[in-house]
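Overview (structure and organization)
Residues per chain, in single letters:
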Amino acid sequence: MNATEDHYRKVANLQVKAAAIGRHQWGKTNPDYISQSWGLNLPTLVNAISVLQYDAAAEGASYGAAALAGQGDYEAPTGFVNPYGFVGIASDGRSLEGLLQSPVITAKTAIGNGASAGQALQMGRRQLDMLLLTLIADVARSAASVDITARPGVGYVRMVSPGACARCAILAGRFYRWNTGFLRHPNCGCVHIPARQSRKAAAIKEGYIADPYAYFRSLPLVEQNRLLSKAGAQAVRDGADIFQVVNSRRGRTKTGMFTTEGMSTRGHAAGILKRGQRRATPELIYKWAKGDRGQAQRLLREHGYILPGGQNPVGVLRGAREGFGQYSKGGRAKASTQAVLEARQRGWRDPNNVYTMTAAERRLYVAERDYKEVLVGRNPWTTAAVERRGGAKIGGTDEPLTAQIAASVESTYRAELMAAMRPGGILSKEVARRPDQYLPTTRLGRKTVGKKSPTPAASGRGGAKPPSGPKRVSSSADMPRWRREAEIHTSDVEPMPRSEYEEIARRLNPATEENMKVSLYGSSRGKGGHLDEDAGVGKTHYPSEWTVEDALDAINYTQNYPEWITENSSGEGMYDLRAEYKGVLMEVTINIKRKGRRQRPHAFPVTGDGVYMVTTKKSIIKPWNGPVDWEGFRRVE
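Residues numbered from 1 in each chain as written. Predicted model: local features only at pLDDT ≥ 70, side-chain atom pairs only at ≥ 80, totals over all residues. Heavy atoms only, no water.

Looking now at the overall build of the protein. In terms of helices and strands, the protein carries 22 helices and 13 strands. A buried classification covers 51% of the 637 residues belonging to the protein. Here the analysis covers contacts within the protein between residues at least 6 apart in sequence; of these, 64% occur between residues at least 24 apart. Summed over all atoms, the accessible surface of the protein reaches about 29800 Å², with 52% contributed by carbon and sulfur. (Helix = DSSP H or I, 4+ residues; strand = E, 2+ residues; numbered from the N terminus. Buried < 20%, exposed > 50% of the residue type's maximum accessible area, 1.4 Å probe, protein only. Contact = heavy atoms within 4.5 Å. Areas by Shrake-Rupley, 256 points an atom, 1.4 Å probe, with all protein chains shown as cover.)

The following block contains the structure:
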């Protein structure tokens, strides 16, 4: 297992070289002509960093074989990683040149805020250091992740090293399969060690920590308090579950005294608290206890922090095991469960099997299935439609297909098809190889693709096969920054089953220009206006090329097929939904106890391709790529 230590030492050396080259080039920047002088030095830096990217990718690609050999194991890859595929691009998909322009923006912004030229250049240098260190680490990790995926039956164990943050600490020792991206934040010190799940013990011998409690106990008191906050650390020392303590940070009120985490329909805390009782945070619990340790432990137990199973390093609610997917009914549905078990045994999954498809494949499959129903004049959103697809025979009834439903289904399918065809999408390589066969049509009733449909007709229990595009080996470097942050914050949170959300969605009516006019065009009180620059000063705006129909399609798509959901703190029956539509992260607030316009009090683009913000009536920031808060959100699967 010395291979792991050797690998990360080599990557660290490459990081040091990258930072040294970056500082050398940044040191040539003229404070009177920052943009111009940096533009002259940037090509030299890009060339040098590209060479280091190749070296990092080559090192990452060879890491898997060496790490497995160190455990006395070996699995031949189905293909070799191409290091050149990682050269010249940043982790978020931007060009390397685009990424390395960021320090200039930082320096000039600092000068605009009153900093001296020397201070501004120092701030730019610090950002450049962080960008280059993260970039080299990301390339090595991404190449290693691709290599791991190409080896059947091999995954990786996530290990933390001293200095890890709270979010990383509770992920210690997790085993990941099937090309799960290695999610991390800038300057993340976690490492992933290729292994079969049965070999996890060997990885621990390397000296990395696989037990979040062991990591917590290894820290001095001051560091424990820094990691989890003073109250959070004391709660763990008093017997609280570290996962509950860390996750309680999501959904906190502005005062920090209460949290909505665990309070959803299937949440752990909701099941033990009294009806209407709010869940207190550890900070409030220790205020109530007033120094009485016994009282604090009683309150921690009452609010779901001390669990009957004690402090288990793999968790006592869900444990370190994989489920069987949303179709398996907890392992009771034989066909689904068997498909998952076979995939685990083989070490790879069949993307043509509905039971083991990814979330992206499933969304496209469902969207196309519904659209095909519309093409023959049937309503896909009824209980009878469920029976037609092989679901339970419950005497379902059909309802007429309305123009609004047909339009919503079409827009959803078009959006999913476009997302799949985008670079990095599940059909992107197929489109590049045969572009003439993937030409969407705008006429309802015609085939939605050219010569050949990407998905066969639905039949049998669970539906048919999803799009049969080629298996794609990728990494989290393909993701935009906001999606990587979403995955980091929601990876260890129990998702809402899609069937549970469908019960909510049935109470909603489609968004129209009339019932969304405040959100689109604004009001006299300054509300909304995300499609009108004059009305929406200080707000994010839809891409300039979007029409009102595009905005309504995005709202309806988010409402029908959200990827993330959280309960809105404004009242019972209110939810915030998020989904990606045409490269834009949308957020829609719904109120299932309201009708008409008030059923969707908010709908707006959060960030993404073409989204911009009007800061004043004469000044536009474009594009808008500001921070996205994911506290309290969980996936809908």
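Turning next to the packing of aromatic side chains. Per the stated rule, a full pass over the model turns up 11 aromatic pairs. With a centroid separation of 5.2 Å and 25° between ring planes, the pair formed by Tyr371 and Tyr413 is classed as stacked. Of the two residues, Tyr371 sits in helix 15 (residues 359-375) while Tyr413 sits in helix 17 (residues 403-421), which places them 42 residues apart along the sequence. Overall, the relative accessible area of 3% leaves Tyr413 in the buried class. In this structure an aromatic cluster arises from ring pairing among Tyr542, Trp546, Tyr557, Tyr561 and Tyr581. In this arrangement the basic side chain of Arg278 is found over the ring face of Phe258, its NZ or CZ atom lying 4.1 Å from the centre. Lying across the ring of Trp630, Arg578 places its NZ or CZ 4.6 Å from the centre. (Phe/Tyr/Trp six-rings, centres within 6.5 Å; stacked < 30°, edge-to-face > 60°. Lys NZ or Arg CZ within 6 Å of the ring centre and 35° of its normal.)

Here we take up the sheet that holds strand 9 (residues 584-591). As summarised here, the arrangement of the five strands in space is 10-9-8-7-13, forming an open sheet in which the pairing is antiparallel. Each edge of the sheet is formed by a strand with only one pairing partner; in this case those strands are strand 10 (602-608) and strand 13 (634-635). Sheet analysis places strand 9 next to strand 10, joined by six bridges and oriented antiparallel. Note on strand 10: the bridge partner recorded for Val584 is Gly608. Strands strand 8 (574-581), strand 9 and strand 10 of the sheet are contacted by helix 22 (residues 548-560), whose axis makes an angle of about 120° with strand 8. (Pairing = 2+ DSSP bridges. Axes fitted to C-alpha atoms, helices over the stretch in contact; angles between N-to-C directions.)

Our next topic: the pattern of salt bridges. According to the stated counting rule, one finds 19 salt bridges in the structure shown. For Glu283, the salt bridge identified is with Arg252, shortest N-O distance 3.2 Å. Placement of Glu283 in helix 12 (residues 282-289) and of Arg252 in the loop between helix 11 (242-247) and strand 4 (258-259) is noted, with a sequence separation of 31 residues between them. For Glu637, the salt bridge identified is with Arg635, shortest N-O distance 3.3 Å. Given a relative accessible area of 32%, Glu637 falls into the partly exposed group. Linked through salt bridges whose partners overlap, the residues forming this network are Arg363, Arg483, Glu563, Glu580, Arg635 and Glu637. (Salt bridge = Lys/Arg side-chain N within 4 Å of Asp/Glu carboxyl O.)

This paragraph deals with the packing of helix 1 (residues 2-26) against helix 5 (residues 117-149). Helix 5 packs onto helix 1 with a crossing angle of 150° between their chain directions and a minimal axis gap of 9 Å. When the axes of helix 1 and helix 5 are compared, the pair comes out roughly antiparallel. Helix-helix and strand crossings are classified by hand; for helix 1 and helix 5 the assignment is right-handed. Here helix 1 contributes His7, Val11, Leu14, Gln15, Ala18, Ala19, Gly22, Arg23 and Trp26 to the contact with helix 5, which in turn contributes Leu121, Gly124, Arg125, Leu128, Asp129, Leu132, Leu133, Ile136, Ala137 and Ala140. (Parallel < 35°, antiparallel > 145°, perpendicular 65-115°, else oblique. Left-handed = near helix turned anticlockwise from the far one by under 90°.)

Time to look at the confidence of the model for the protein. In this model, the protein carries a mean pLDDT of 76, and residues with pLDDT of at least 70 account for 73%. Scored below 50 in pLDDT, residues 316-321 makes 14 contacts in the model with residues more than four places away or belonging to other chains. (pLDDT = per-residue confidence, 0-100.)

Turning our attention to the environment of Arg217. Here Arg217 shows up in helix 8 (residues 212-217). A residue is classified by how much of its surface remains accessible, and Arg217, at 55% relative accessible area, is exposed. The contacts of Arg217, once residues within four sequence positions are left out, are Asp211 and Gln224.

On to the side chain of Arg635. Relative to the assigned elements, Arg635 resides in strand 13. On the basis of relative accessible area, Arg635 is assigned to the buried category, the value being 10%. One polar contact links Arg635 to Glu637, side chain to side chain, over a distance of 3.3 Å. Residues within four places of Arg635 in sequence aside, it is in contact with Ala359, Arg363, Arg483, Glu487, Thr490, Pro495, Met496, Glu563 and Trp564. (Polar contact = N/O pair within 3.5 Å; in protein donor to acceptor, adjacent residues only side chain to side chain.)

With that settled, consider the nonpolar core. If you look at the biggest cluster of nonpolar residues, it comprises 37 residues, and the most contacted ones within it are Tyr501, Ile555 and Ile590. Considering every element that reaches this core, the biggest residue donor is helix 22, with six residues. Formed by 35 residues, the second largest nonpolar core is a distinct cluster that contains Ala18, Ala90, Val104 and Leu135. (Core = buried A, V, L, I, M, F, W, Y, C linked by side-chain atoms within 4.5 Å.)

Remark: a regular strand shows side chains that alternate across the two faces of the sheet. Of all eight residues making up strand 8, eight are buried, and the element is well covered by its neighbours. Here strand 8 shows two buried faces, one formed by Met574, Asp576, Arg578 and Glu580 and the other by Tyr575, Leu577, Ala579 and Tyr581. Relative to strand 8, strand 7 (residues 564-567) runs antiparallel, the two being bridged by four bridges. By the bridge assignment for strand 8, Thr566 is matched with Asp576. Pairing of strand 8 with strand 9 involves eight bridges; the strand directions are antiparallel. Of the residues in strand 9, the one forming a bridge with Arg578 is Glu587. Remark: two residues form the turn of the hairpin made by strand 8 and strand 9, two consecutive strands paired antiparallel; Lys582 in that turn has positive phi of roughly 50°.

For helix 13 (residues 293-302), every residue scored as buried is listed here: Ala296, Leu299 and Leu300. Along helix 13, the residues classed as buried sweep out an arc of 105° about the axis, all on the same side. Buried-residue contacts for helix 13 involve helix 10 (230-237) and helix 12. Immediately beyond the C-terminal end of helix 13, within one or two residues, lies Gly304, with a positive phi of roughly 85°. (Arc of directions from axis to C-beta.)

The next thing to look at is unusual backbone geometry. Negative phi characterises most residues that are not glycine, and trans characterises most peptide bonds. Phi at Ser229 is positive, roughly 80°, even though this residue is not glycine. Relative to the helices and strands, Ser229 is located in the loop between helix 9 (221-228) and helix 10. The backbone phi angle of Lys582 is positive, close to 50°, even though this residue is not glycine. Relative to the assigned elements, Lys582 resides in the loop between strand 8 and strand 9.

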